[in-house]
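# Survey of secondary and tertiary structure
Residue-level listing of the chains:
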2 protein chains.
Amino acid sequence: MGIVVQKYGGSSLADADAIKRVARRIVDIKKAGHDVVVAVSAMGDTTDDLLDLANGVSPLPPAREMDMLLTAGERISMALVAMAISDLGFTARSFTGSQAGVITDSVHGKAKIIDVTPGRITQAIGEGHIVIVAGFQGVSADTKEITTLGRGGTDTTAVALAAALEADVCEIYTDVDGVFTADPRIVPSARKLDTVSYEEMLELAACGAKILHLRCVEYGRRYGIPIHVRSSFSQLEGTRVSNDARPDAQPDLQPTGTTQGDTMEQPIIAGVAHDRSEAKITVVGVPDKVGEAARIFEALADAQINLDMIVQNVSAAATSLTDISFTLPRTDGQSAMSALARIQAEVGYDKLLYDDKIGKVSLIGAGMRSHPGITSKFFGALASAGVNIGMISTSEIRISVIVDEASVDDAVRATHTAFDLDADEVEAVVYGGSGR
Amino acid sequence: MGIVVQKYGGSSLADADAIKRVARRIVDIKKAGHDVVVAVSAMGDTTDDLLDLANGVSPLPPAREMDMLLTAGERISMALVAMAISDLGFTARSFTGSQAGVITDSVHGKAKIIDVTPGRITQAIGEGHIVIVAGFQGVSADTKEITTLGRGGTDTTAVALAAALEADVCEIYTDVDGVFTADPRIVPSARKLDTVSYEEMLELAACGAKILHLRCVEYGRRYGIPIHVRSSFSQLEGTRVSNDARPDAQPDLQPTGTTQGDTMEQPIIAGVAHDRSEAKITVVGVPDKVGEAARIFEALADAQINLDMIVQNVSAAATSLTDISFTLPRTDGQSAMSALARIQAEVGYDKLLYDDKIGKVSLIGAGMRSHPGITSKFFGALASAGVNIGMISTSEIRISVIVDEASVDDAVRATHTAFDLDADEVEAVVYGGSGR
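Residues numbered from 1 in each chain as written. Chains lettered and ligands numbered in written order. Predicted model: local features only at pLDDT ≥ 70, side-chain atom pairs only at ≥ 80, totals over all residues. Heavy atoms only, no water.

## Observations concerning the layout of surface pockets
The gaps of empty space that remain are located by a probe, the size of a water molecule, rolled over the atoms. Stated precisely, the cut-off is as follows: A cavity here means a set of points on a 1 Å grid, drawn over the protein atoms and nothing else, where a 1.4 Å probe fits but cannot get out; a pocket is an open set with protein on both sides within 12 Å along at least five of seven lines, and a residue lines either one if it has an atom within 4 Å of a point. Grid points are joined across faces, edges and corners, and a volume is the space filled by probe spheres set on the points. Helix numbers and strand numbers start at the N terminus; a helix is a DSSP run of H or I with at least 4 residues, a strand a run of E with at least 2. Gly is put with the polar residues, along with every residue not named as nonpolar or charged; the nonpolar set is Ala, Val, Leu, Ile, Met, Phe, Trp, Tyr, Cys and Pro, and the charged set is Asp, Glu, Lys and Arg.
Each pocket or cavity is described by its volume, and for the largest pocket that value is around 1,700 Å³. For the largest pocket, the lining is made up of 49 residues, of which B:Arg151, B:His213, B:Leu214, B:Asn306 and B:Pro329 are closest to its centre. Among the elements of the structure, α3 (63-87), β9 (169-174), α6 (198-206) and α7 (214-223) of chain B are those that each provide at least two residues to the lining of the largest pocket. Considered class by class, the residues forming the lining of the largest pocket number 16 nonpolar, 15 polar and 18 charged. Computed from the structure, the second largest pocket encloses a volume of approximately 1,400 Å³. Forming the walls of the second largest pocket are 41 residues, and the residues nearest its centre are A:Arg151, A:His213, A:Leu214, A:Asn306 and A:Pro329. Elements with a minimum of two residues in the lining of the second largest pocket: β9 (169-174), α6 (198-206) and α7 (214-223) of chain A. Each residue belonging to the lining of the second largest pocket can be placed in one class, and the counts come to 12 nonpolar, 13 polar and 16 charged.

Below, the structure written as structure tokens:
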């Protein structure tokens, strides 16, 4: 009888029929006695259409106006979902991010939620309405400007609402059945995970699994919101993300027909993630003196570039020169190269190398902590598949390697098999993920 | 150096090129030293597209959600206009109706503006920005819900903003050159009026001239805002609506090349309007007793139906029965007939007749007051053209007749010629008008 928060992405709201199907699903939860709050993305291609319009009038539109434009997309879909619910005999109230009390900082295009004041939502719930909220958007605390949350924003809206409303669960509806042990387009025998811990999901999201956005998972972990990732095209149980990585006691939402029972040992490895969005920059011949490396990373930080993996070779004693390599989003490649070129004279390095034909393959699992030998098994699998390792980075529950972009698929498959993740039967899935 | 408020309708914002053209026009006013505030409608077909989406999910969408949906249209166009202005090197800030302080009552779909609190607009003007406001929309005073103003709403938004900002002029940009002495599609020799008084414009708007919405003109008259109706597709002077029906002293916006000088005598007749949107209902055989007619009009008022012309025949002494005829919008025909059918037993009338093959032709001019013989000249022209008159109604500055729908064009042409309104040369115009 608690509050259920749901999120529907653009692929689940592609047309009138899809919207009606979503409305029926929402009404079913209401009929079961729950209060329902739904965060929606823009319909299917709406965002692309709006971007095309913007490009038609200006090559470099101001971020404030771009946010004003794009937020029209969720406004349209939320009103249509509310109408479809009304057509089923239930009442719904739609609210913009601003009306819903989604307060953000003032960084247009990638604002962060700093508070949620859901007074109008709780009032509407109290009056018996189903509540539909525009995802991906908010209003800035200081300037009262409309903001957008950036990629995956509607997931974050949903979890933030769930936290503010102390919801029982946050259901993220998407076009796949849940979180898989690997991308099923690469590994057809990948298995759907019934449960995964927040920390594993964080690593998966950070390492390229597109199903849940990083900030959404962070938010869920911070406030202890159970997240249920599932398909809007089926009634199957999806993947539950929570602290204990075990289904908790929610009789009404208990999974049925799970393939792993509670008595089975938690598997060591949650999955194999891959990411083809990074590039590698190598700064060759950096004088091996205190402060030179710091100067390089300072210049990159000033250019607002987030680095991922960083490797510094041991200095060759004869020359006192060293090489520094790091990976970063390809989209930041040009500005990073420019920032570094500007400090060449100051730092005195030799040259810059840029490589965007790389990929990252990551093995993730909380069980790693207590199981030695994971690294050697991982590297052994890669070696057997003829995959060369370029860079390595590790966390407590993750091992990531940089490989040639062309070797990514082979690396993922070999690793998936080596850790016994392959399912007996191949599940039919469509793997994708909506932008917001 | 004052504030100029402009309004651009959907046909002026049909696509990216149209939006860029509008942006250049706005920037020109800014360059001339004025502060500019612009109210925009939704782009071309956007509203129809949104209505199609709504019909796709629900045959009878709730009015609140319909307003939420439709207001996305102006949000899109205002952001695009702001982007196009930015691309010209000027800064623009777009604001929703709510942000702009357009406060309305809470009647979704046809809300009335009750106040304008333009704090954010004046702040943005003070910072040197061009301000773009979403037309057609506001926020309700009591419930803080998003509302729309109904047909012609953006015109009303523009004039209300002009009043609140004490603007020098409110320019209504449309796809025709101004207000004409008749619809040029019917009368190719119709002339553009250089000036027209508020009261004449009110009668023209009420009698079917679609160029300016009634509420916009009422607002302009109440607050004394000079309205300039002109084409966004040319630089021609349009029609100025004001109290004195004479160009007033505004050096920067002075009309040039007007066809009528200030020395000419003000013409008696402003124009001939027509309206094919009405129907006629006749209640046959009403007992000629005190209170029976009142009961009929009470029932119609309860059904929220606005009547236009009303005629009660003199009772035939032999029967003590009378016929009551009235005209009303065709869209209200069905509900009016239902409301009357429900009281047949109570009132004891004989039967109802419904006729939607009628048209209204109106002759409008402030000069009528001081010129006798207008009525006989009007009716003589109609008789010569073989047009039968069904019903008649008059005001101080207007004579309206109901005729067969098929005779409307002939009636308009004959009247236009009889009152010497035909121009020497035919101006090339496209006559239409945007929905908002």
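## Notes on the relation of the copies chain A and chain B
What counts, and what does not: We superpose the copies by least squares over the C-alpha atoms of residues that have a pLDDT of at least 70 in both of them. Whether two residues touch is decided by their heavy atoms; if any such pair falls within 4.5 Å, the residues are in contact.
The two copies are related by a screw operation: chain A maps onto chain B through 180° of rotation and 0.0 Å of translation along the axis, at an RMSD of 0.1 Å. Considering both components of the superposition, the chain copies are consistent with a two-fold axis. When C-alpha positions in chain A are compared against the rotation axis, the closest is assigned to A:Ala72, at 2.5 Å. In this assembly, 100% of the residues forming the interface of chain A have copies in chain B that are likewise at the interface, indicating an isologous arrangement.

## Structural notes on helix α9 (residues 333-342) of chain B
Residue and element names in this part refer to chain B. To keep it simple, the criterion reads: Categorising residues by exposure relies on relative accessible area from a 1.4 Å probe, with only protein chains included: less than 20% of the type maximum marks a residue as buried, more than 50% marks it as exposed, and the intermediate range marks it as partly exposed. Read the arc as the range of directions from the helix axis to the C-beta atoms.
Of the residues making up α9, those classed as buried are Gly-333, Ala-336, Ala-339 and Leu-340. Along the long axis of α9, the arc covered by the buried residues comes to 130°, so they all point the same way. Counted as exposed and oriented over 90 degrees from the buried face of α9: Gln-334 and Arg-342. In this structure, the buried side of α9 is in contact with β14 (278-287), α8 (292-302), β16 (321-329), α10 (344-347) and β17 (351-355).

## Concerning the sheet that holds strand β7 (residues 137-140) of chain A
Residues and elements named next belong to chain A. For clarity, the threshold we go by: Only strands that DSSP links by at least two bridges are regarded as paired with each other. Angular values range over 0 to 180 degrees, each being the angle between N-to-C directions of two axes fitted as lines to C-alpha atoms, with helices fitted over their stretch in contact.
Sheet architecture is open: 4 strands sit in the order β5-β4-β7-β8, paired in mixed fashion. Across the chains shown, the open sheet's two edge strands, defined by having one partner strand only, are β5 (113-116) and β8 (146-148). Direction aside, the axes of adjacent strands within the sheet are offset by 45° on average. Note: β7 against β8, 3 bridges, orientation antiparallel. Directly across from Val-139, in β8, lies its bridge partner Ile-146.

## Observations concerning the domain arrangement of chain A
Put simply, an interface is often sized by how much accessible area is lost when its parts join up. Residues and elements named next belong to chain A. Rule in force here: A domain assignment, automatic or from a database, supplies the domain bounds used here. Buried area: the sum, over both parts, of the accessible surface (1.4 Å probe) that disappears when the two are put together. Each polar contact in these results corresponds to two N or O atoms within 3.5 Å; when the atoms are within protein, one needs to be able to donate a hydrogen and the other to accept it, and residues that are neighboring in sequence are counted only if both atoms are side-chain atoms.
As assigned here, chain A comprises domain 1 (3-259) and domain 2 (270-420). Counting from both sides, the interface comprises 18 residues of domain 1 and, opposite them, 22 residues of domain 2. With both chains or domains summed, domain 1 and domain 2 bury close to 1,500 Å², and 59% of this area falls on carbon and sulfur atoms. Of all residues in domain 1, Ile-186, Glu-203 and Cys-207 bury the most surface against domain 2, accounting for 39% of the area lost on that side. Our count for the contact surface shared by domain 1 and domain 2 stands at 7 residue pairs in polar contact (both at pLDDT 80 or more). Residues that form the side of domain 1 that touches domain 2 fall into these classes: 10 nonpolar, 3 polar and 5 charged.

## A look at the sheet that holds β9(A)
Residue and element names in this part refer to chain A. An order of β3-β6-β2-β1-β9-β11-β12-β10 is seen for the 8 strands of this open sheet, with the pairing classed as mixed. The two strands at the open ends of the sheet, each matched to only one other strand, are β3 (92-95) and β10 (195-197). For this sheet, the mean inter-axis angle between neighbouring strands, taken without regard to orientation, is 20°. Two elements, strand β1 (residues 3-8) and β9, share 5 bridges in a ladder whose sense is parallel. Residue pairing in the sheet places Tyr-8 in a bridge with Tyr-173 of β9. Helix-sheet contacts for helix α3 (residues 63-87) involve β2 (35-40), β3 and β6 (130-134), and the interaxial angle to β6 is about 165°.

## Describing the environment of A:Gly367
All names here are of chain A. Along the chain, Gly-367 falls in the loop between β18 (358-364) and α11 (374-384). Judged by relative accessible area, Gly-367 falls into the buried class, the value being 15%. The spacing of Gly-367 and Ile-397 is 30 residues in sequence and 7.3 Å in space, taken between C-alpha atoms.

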